[in-house]
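Architecture and fold: a report
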Amino acid sequence: MANTGWDEFEIGAMLRSFDGKIDDIAGTLQEDRKYSPNNSFMASVADWRIEKPIFSKDFCIDCQFCWIYCPDMSIIARDKKMIGVDMDHCKGCGICVEVCPTNPKSLLMFPEQADEEAELAQWPAKDEKEK
Amino acid sequence: MAFDKMELRDIEVWDGNFAAAQALRQCQIDVVAAYPITPSTPIVEGYAKFLADGYVEGEFVMVESEHAAMSGCIGAAAAGGRVATATSSQGFALMVETLYQASGMRLPIVLNVVNRALAAPLNVNGDHSDMYLGRDSGWIQLDAYCPQDAYDLNFIAFRVSEDHDVRLPCMVHQDGFMTSHTAQGVKTLTDDEGYNFVGDFKPMNDMLDFEHPVTHGVQTEEDWHFEHKARQHNDLMTKVMPKIQAAFDDFEKLSGRKYNIVENYDMDDADVAVVCMGTSVETAREVATEMRAKGIKAGVVGIRVIRPFPFMQIAEALKGVKAVATLDRSAPGGTVGMLFNEIAGCLYNLDTRPMLSGKIYGLGGRDLTKKHLVDLYTELQANVDAGKITTPLQQFIGVRGPKLSFL
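Along its length, chain B carries 13 helices and 17 strands. Relative to its length of 407 residues, chain B is compact, with a C-alpha radius of gyration of 21 Å against a globular reference of 22 Å. Based on the C-alpha atoms only, the size of chain B along its principal axes is roughly 70 × 55 × 45 Å. Residues counted as buried form 52% of the 407 residues belonging to chain B. Excluding contacts between residues fewer than 6 apart, the proportion of contacts in chain B whose partners are at least 24 apart in sequence is 79%.

Right, here's the structure in full:
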């Protein structure tokens, strides 16, 4: 791509989303779609992130709030089950953490360099409300 | 298609606006997004009436400005429709940002520009200020001299613009009021002849092709912008003129009416010539004939295709001429007129160069009379006789007060 000359691309300020013809794209999982190299799905914006979300499945109730609220479609859910975060496209905004209703939260923000295993091992305990 | 055809007489009495509106009807425009402005209003009004009366199957989109009008046209063209609109003057000026979007996105939109002066002071009459404003925008620009041209050039415009090797938008210019509101005999095409000349619209990378999704109007920075602009310029410089010539040839076969990229009149043995555009070409032709009767070998070069600029054709037309005057109908804003500048560029590398002087005339609809042109040809002949330019290089024609000249 980077060395393509002026006469080697399609005319117009136009980019194709997929390579070739598509069929039932809404019914095709992202990992199975033939994205064009020009599609923004193929570009990582991970380096925009200063803080990252870490997901702990122990407390998740699969309410899908994070999936709905994520502005970058970076919450990966399959069969209505939350399975993780797309770290190539998450920009670290923290909205998923903000909307998570569980106690303790199933998503928390950490510095980008934090170790996931270590943070999961010391996940906060349930916050007991005072009666 | 569910619409009625219209029976036209072989010759109809139409002004330039109605002639253009009829051409839009016969080309069966899918979408017209318009914000009407004097003197171009009757073009889109005419299309809207044809639509309301069932003569067109299309969509008229009323918008809140000319910026929105061209934006609507861009969206409709990217979606994959045959698209046109019309504007003038201030409206054209407001469209300028989107003109560059249309050409950069390679969308075949046809814009009828009824040339009018630019404020201030506010003025609704014809000059070429708005036409000049569009000359770097990457559009094809065709110039009509009379209502017949305004009709015919719309068909040419769609034919060329929508060609998949071209895919560049096209303006059809006519002079405000002098052409747009002057009724003349216009030889017509039948609805079938007109439509078949432009043919069915063939979409390219259209957004309504759901099996091949595309994003239009993308951003490129220093990594890609230059290549896109280079491609666009390359296509303007190399692909458009042959397509225009082919369209002119086919149109002549269909209608008997012959158009040329540069309209030369009495140029074969001319000593003196004027280069001009719009309605002035017809006046100059009449005067040139009269000057010939007086023994001055006068000729006229009318520019039919303004962009891409017919550099080589103009050099060819003028190379044997002794004195040439360019007639610019736009205030040059602190330099020589556009035609003077561009034609000087055409002539500079020739072995024999004509003497070149530039005239500014007709601003805000001021008439260019035959007397003005008689005086001009006489002055050019005086230059020839003296062997040098006897006047300043830039002169104003027809302005009141002391004679105004520069350089």
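Turning our eyes to something else, we now look at the packing of helix H1 (residues 16–26) of chain B against helix H6 (residues 147–161) of chain B. All names here are of chain B. Here H1 crosses H6 at 20°, and the two axes come no closer than 8 Å. The angle between H1 and H6 places the two elements in the roughly parallel class. Crossing of H1 over H6 shows right-handed handedness. Counted together, Gly16, Ala19, Ala20, Gln22, Ala23 and Leu24 of H1 and Pro147, Ala150, Tyr151, Asn154 and Phe155 of H6 form the full contact between these two elements.

For the rest of this paragraph, the subject is the packing of helix H3 (residues 66–79) of chain B against helix H4 (residues 89–104) of chain B. Residue and element names in this part refer to chain B. Contact geometry of H3 with H4 gives a least axis separation of 7 Å together with a crossing angle of 25°. On the basis of the axis angle, H3 is roughly parallel to H4. As H3 packs across H4, the resulting crossing turns out to be right-handed. Taken together, the residues of H4 that come into contact with H3 (itself represented by Glu66, His67, Met70, Ser71 and Ile74) are Gly91, Leu94, Met95, Glu97, Thr98, Leu99, Gln101 and Ala102. Here the residues of the contact of H3 with H4 sort into six nonpolar, five polar and two charged.

For the rest of this paragraph, the subject is the domain arrangement of chain B. Residue and element names in this part refer to chain B. The domains assigned to chain B are domain 1 (11–255) and domain 2 (263–406). Inter-centroid distance (C-alpha atoms) of domain 1 to domain 2 is 29 Å. Counting residues at the interface gives 26 residues for domain 1 and 20 residues for domain 2. The set of elements that each furnish at least two residues to the side of domain 1 that touches domain 2 consists of helix H5 (129–133), strand S6 (140–143), helix H8 (225–238) and helix H9 (240–255). A total of four residues in the side of domain 1 that touches domain 2 trace back to one element, the largest contributor, which is S6. When grouped by side-chain class, the residues that make up the side of domain 1 that touches domain 2 number 14 nonpolar, eight polar and four charged.

On to the sheet that holds strand S15 (residues 355–361) of chain B. Residue and element names in this part refer to chain B. As summarised here, the arrangement of the seven strands in space is S10-S12-S11-S14-S15-S16-S17, forming an open sheet in which the pairing is mixed. Two strands in the sheet have a free side with no partner beyond their single neighbour: strand S10 (262–265) and strand S17 (405–406). Judged from the two bridges that link them, strand S16 (residues 394–397) and S17 form a sheet pairing that is antiparallel. Looking at the pairing, Gln394 lines up with Phe406 of S17. Contacts from helix H12 (residues 338–347) reach strand S11 (272–276), strand S14 (323–328) and S15, with the element oriented near 145° to S14.

This brings us to the sheet that holds strand S13 (residues 305–307) of chain B. Residue and element names in this part refer to chain B. Read from one edge to the other, the open sheet built from seven strands follows the order S3-S2-S4-S5-S7-S6-S13, with strand pairing classed as mixed. The sheet is open, and its two borders are formed by strand S3 (59–62) and S13, each paired with just one other strand. Within this sheet the neighbouring strands show an average axis-to-axis angle of 20°, counted without direction. The pairing of strand S2 (residues 31–34) with S3 spans four bridges and is parallel. The residue bridging Ala33 from the neighbouring strand is Val61, located in S3.

Calculation notes
Residues numbered from 1 in each chain as written. Chains lettered and ligands numbered in written order. Predicted model: local features only at pLDDT ≥ 70, side-chain atom pairs only at ≥ 80, totals over all residues. Helix = DSSP H or I, 4+ residues; strand = E, 2+ residues; numbered from the N terminus. Rg over C-alpha atoms; globule rule 2.2 N^0.38 Å. Buried ≥ 20, exposed ≤ 12 C-beta atoms within 10 Å, placed from the backbone. Contact = placed C-beta atoms within 7 Å. Axes fitted to C-alpha atoms, helices over the stretch in contact; angles between N-to-C directions. Parallel < 35°, antiparallel > 145°, perpendicular 65-115°, else oblique. Left-handed = near helix turned anticlockwise from the far one by under 90°. Nonpolar A, V, L, I, M, F, W, Y, C, P; charged D, E, K, R; others polar. Domains from an automatic or database assignment. Pairing = 2+ DSSP bridges.

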